[in-house]
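These are the residues of each chain, in order.
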Number of protein chains: 4
Amino acid sequence: MSSGRDNILLAAEELFGANGFDRISVRDISEAAGVNKALIFYHFGSKDELFKTVLLKYFNDHHIALEAAWSASGDIYERLHRVIDAYIDFMVEHHAWPRLVQQISSTQHKDFVPIVQEGLLPLVRWAEASLSEVADETGPRSAYHLFETVAGAVLHHFTHAPVLAPIWDQTPLAPHVIAERRAHLHWLVDVILDALDKPYEPYEKSDSQDS
Amino acid sequence: MSSGRDNILLAAEELFGANGFDRISVRDISEAAGVNKALIFYHFGSKDELFKTVLLKYFNDHHIALEAAWSASGDIYERLHRVIDAYIDFMVEHHAWPRLVQQISSTQHKDFVPIVQEGLLPLVRWAEASLSEVADETGPRSAYHLFETVAGAVLHHFTHAPVLAPIWDQTPLAPHVIAERRAHLHWLVDVILDALDKPYEPYEKSDSQDS
Amino acid sequence: MSSGRDNILLAAEELFGANGFDRISVRDISEAAGVNKALIFYHFGSKDELFKTVLLKYFNDHHIALEAAWSASGDIYERLHRVIDAYIDFMVEHHAWPRLVQQISSTQHKDFVPIVQEGLLPLVRWAEASLSEVADETGPRSAYHLFETVAGAVLHHFTHAPVLAPIWDQTPLAPHVIAERRAHLHWLVDVILDALDKPYEPYEKSDSQDS
Amino acid sequence: MSSGRDNILLAAEELFGANGFDRISVRDISEAAGVNKALIFYHFGSKDELFKTVLLKYFNDHHIALEAAWSASGDIYERLHRVIDAYIDFMVEHHAWPRLVQQISSTQHKDFVPIVQEGLLPLVRWAEASLSEVADETGPRSAYHLFETVAGAVLHHFTHAPVLAPIWDQTPLAPHVIAERRAHLHWLVDVILDALDKPYEPYEKSDSQDS
DNA sequence: TATGAATGAGAGTTCATTCAT
DNA sequence: CATGAATGAACTCTCATTCAT
């Protein structure tokens, strides 16, 4: 039924996602999985490799989910909205996922950054390709920036949720809050797509300076 | 000039921001600061308190910077754009900052989450208040969602920069890339403000469902 | 042909001899032998018993080789030289052997010392008996000391070989070096046997003292 | 008085020498020294470095002792005998020493072999130089072989002592046994020096062959 | 015979923290 | 203010060994 290996992976996902790679010991995972500590090393070789296994599994599922949403029928408008939904659905189902990636990006853990880079690469390339119809080729409205903005808008909700929960007087992961966020993001995409039809008018009057 | 205490704070900022609280030892900091390890405990009492000191200092500076941008003269349009610039400027100057907050939100470190919450509270309240003129009172276009989206769009660039650098063929922290990102964000704010003038038309046809 | 049991014994001899009992794990041996780790316990019961099996096999072969050299025809002079050759030949063929014994004597591993003692006992007794014609009965030229000296002179070359290789500009196990060492040892035995014919004249003038 | 560092070094010498590097844990040493385990890492950084420290200290003392014996007045005959005495005296005083070296040579522990090589180099070079008057330049009676033989004859007694004790009916480290061994070694040196005066007559009749 | 999965004990090492000076 | 020495707790990882199959 529940093999030792699978129990370990499940416990690792949960604990790493909720507390961070560095704050979870192998002992914690073995206890949560109900197995001997040494079994983790038997199956995965090291704590690092266990973490990488979790990461790769997520990246794989993630990629499959977005790909499916994009490749189904419809015009670019429909497809983009479908991808937004798939993206949100994935976060809802795998609440540990955005936090795992954020742990790595915020600590630049050198053993894991390459894994994230490899995992994100196809997603980024896909975004560039699929936005090419609507985005400018370069400049402030290029696929590069559009992707970053939408991804940030989606991710931010899920990664900051537990921190912001007591500030907003409701938990950001409650179904009705998610639904409202989903509506916001669809609205945002519409707004952006509409604006891309019009010529780019740079903002003026700003007197700030870089660095 | 460079007192022990200040050296410690500087080293802690740098190291914590670049590598994460859990991956930096008191020894690392003491060596980077050129002081004895025990001195850190003399001045700050514990590693936790040192980290809190760094956090609070940042929150304070951050708050002051945004407040100054907002309170200066101009209509809401001008002021919002000025805040965007101030926000970006702060990230450019304190590259460790967004990563520190992200470390805490992604690991939910229970000793530090309250600090982040206290630090973010005035910012969030201020955003709600200042957006009240243009935002809906509730729903997908409320101040709540607008703030989250713009904050995510700004932060995402800086927190993911080192991870994405090799994927984009340029470093996201290079001045000209920052300048382009800045232009994008101003454009985004313009687009959003324009759209808020029009009545809300929800996106239809989506067949996705919440978890 | 190559049964699991034999593969294990061969791998164990090689690895234990080259690296030491404590530095070789059961896993190392099972991998080198190409068998499952548990099979070693099935055949030998424990790591200790496996080591003992290797030791006993060597002692047996060793004893047979020396015995054969000694019992063949000839006067004591001829026979001693033949034993020297057999001794050297055995070391050349079983380069792991002297190191195994040395590991035990230098670490006094209490589980294995008795095995070595039992294994050496007949050799020592035989040496006493066979040297009785030429050696003094007691004192500095007794069989006791002669045996120790010659054994040390032979063994030392083989046990220190890998350490001294880069110091001498040649490897001590190269055939021509072995041949020269062999000649030296025969010369040494001649010199000692000659001297034993003359009355013992103790060395004088030494002003050293025991501890 | 007895600083933590010195206690650790003394305990390490004793335990490593008696039981072998691999059979002694850091915990064993810390308990024998009456200090906390972590203090060993504070002072020496690692178990390996602690062992190296012990080795280097011994090599230094050893070198000094032999050098003093050799450089004092007298002809080569007197000086060689004095070195033999110094060599034996050193073993008597530091009974752990020959076993430490033998552990390394018999296990070829790759981190320590270089240390032994560096430590032995000057001793070997010195032996070559000092024996140049009496030894052949090459061949079976070269300084190379003479050194190896005498060193083996001396060392063998001390390294095999505990193993052979129950075989001989007396302990090889008892003062009167040491005294007898000392007499034997002086006799051996005399015999060898005398023989070197005569031309070399190779042993014949041997029908053995190199592997 | 042979194996993959599992385990308890213990290894070396790091860490935040304390304290006498 | 500042330090070197010292410590208890916890960490990742390895090991010999067992057992169901």
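Keep in mind that what you see is a predicted model, and the values were worked out from it rather than measured.

What counts, and where the lines are drawn
Within each chain, residues carry numbers counting from 1 in the order of the written sequence. Lettering of chains starts at A and numbering of ligands starts at 1, both following the order in which they are written. Totals for whole chains, interfaces and linings use all residues, but because this is a predicted model, local features are given only for residues with pLDDT of at least 70 and pairs of side-chain atoms are given and counted only at 80 or more. No hydrogens and no water enter the side-chain calculation; it runs on all heavy atoms of the structure. For this analysis, residues touch if any pair of their heavy atoms sits within 4.5 Å. Once two parts are joined, some of their accessible surface, as seen by a 1.4 Å probe, is lost; buried area is that loss totalled over both. Any Lys or Arg side-chain nitrogen located within 4 Å of an Asp or Glu carboxyl oxygen qualifies as a salt bridge. Superposing the copies works by least squares over the C-alpha atoms of residues that have pLDDT at least 70 in both of them. Strands are runs of DSSP state E lasting at least two residues, helices are runs of H or I lasting at least four, and both sets are numbered from the N terminus onward. Residues are counted as near a molecule or strand when any one of their heavy atoms sits within 4 Å of it. Polar contact is defined as a pair of N or O atoms within 3.5 Å, subject to the rule that within protein one atom must be able to donate a hydrogen and the other to accept it, and that residues adjacent in sequence are counted only when both atoms are side-chain atoms. Among buried residues, the Ala, Val, Leu, Ile, Met, Phe, Trp, Tyr and Cys ones that are joined through side-chain atoms within 4.5 Å form a nonpolar core. The cut-offs for exposure are 20% and 50% of the maximum accessible area for each residue type, with area from a 1.4 Å probe on protein chains only; residues under the lower value are buried, those over the upper are exposed, and the others partly exposed. Domain segmentation is taken from an automatic or database assignment of domains. Amino acid classes used here: Ala, Val, Leu, Ile, Met, Phe, Trp, Tyr, Cys and Pro are nonpolar; Asp, Glu, Lys and Arg are charged; the rest, including Gly, are polar.

Attention shifts here to the interface of chain A and chain B. On the side of chain B, 80 residues touch chain A, which itself brings 81 residues to the contact. Summed over both sides, the interface of chain A with chain B buries roughly 7,000 Å², with 61% coming from carbon and sulfur. If you sort the residues of chain A by the area they bury against chain B, Trp168(A), Trp187(A) and Tyr203(A) come out on top, with a joint share of 11%. At the junction of chain A with chain B, the criterion picks out four salt bridges.

Next up on the list: the relation of the copies chain A and chain B. After a rotation of 180 degrees and a shift along the axis of 0.0 Å, chain A superposes on chain B with an RMSD of 0.1 Å. This pairing of chains is accounted for by a two-fold axis. Taking C-alpha positions as the reference, the residue of chain A nearest the rotation axis is Gly152(A), at 2.3 Å. Comparing interface residues between copies, 99% of those in chain A also lie at the interface in chain B; the contact surface is shared.

Our focus in this paragraph is unusual backbone geometry. In this model, Gln108(B) sits at a positive phi of 50 degrees, which is unusual for a non-glycine residue. Here Gln108(B) is to be found in the loop between helix H6 (97-107) and helix H7 (113-131).

Neighbouring DNA strand F are 31 residues; Lys37(A), Lys47(A), Asn36(B), Lys47(C) and Asn36(D) lie closest to it. Among all atoms of DNA strand F positioned within 4 Å of the protein, those belonging to sugar or phosphate total 54%. Val26(C) places a main-chain nitrogen or oxygen 2.9 Å from a phosphate oxygen of DNA strand F. Mapped by element, the contributors of at least two residues to the surface near DNA strand F are helix H3 (37-44) of chain A, helix H3 (37-44) of chain B, helix H3 (37-44) of chain C together with helix H3 (37-44) of chain D.

Within the largest apolar cluster, 148 residues are counted, with the highest numbers of intra-cluster contacts made by Phe16(A), Ile29(A), Leu50(A), Phe16(B), Ile29(B) and Leu50(B). Apart from residues no more than four positions distant in its own chain, Phe16(A) is found in contact with Phe21(A), Ile24(A), Ile29(A), Lys47(A), Leu50(A), Phe51(A), Leu100(A) and Gln103(A). Of all hydrophobic cores here, the second largest spans 147 residues; its members include Ile24(C), Val154(C), Leu164(C) and Tyr58(D).

All names here are of chain C. Counting through the fold element by element, Asp-111 comes out in the loop between helix H6 (96-107) and helix H7 (113-131). Sequence separation between Asp-111 and Asp-48 is 63 residues; the distance between their C-alpha atoms is 8.0 Å. Non-local contacts of Asp-111, meaning those with residues more than four positions away in its chain, are made with Asp-48 and Lys-52.

Often, the extent of an interface is quoted as the loss of accessible area on bringing the components together. Residue and element names in this part refer to chain A. Domain boundaries in chain A define domain 1 (1-45) and domain 2 (49-199). Using only C-alpha atoms to locate each centre, domain 1 and domain 2 end up separated by 27 Å. Where domain 1 abuts domain 2, roughly 1,200 Å² becomes buried across the two surfaces, and 70% of that area is made up of carbon and sulfur atoms. Between Glu-13 and Lys-57 there is a salt bridge, with the nearest N and O atoms lying 3.3 Å from each other. Breaking the side of domain 1 that touches domain 2 down by element, the ones donating at least two residues are helix H1 (4-19) and H3. A class-by-class count of the residues in the side of domain 1 that touches domain 2 yields nine nonpolar, three polar and two charged.

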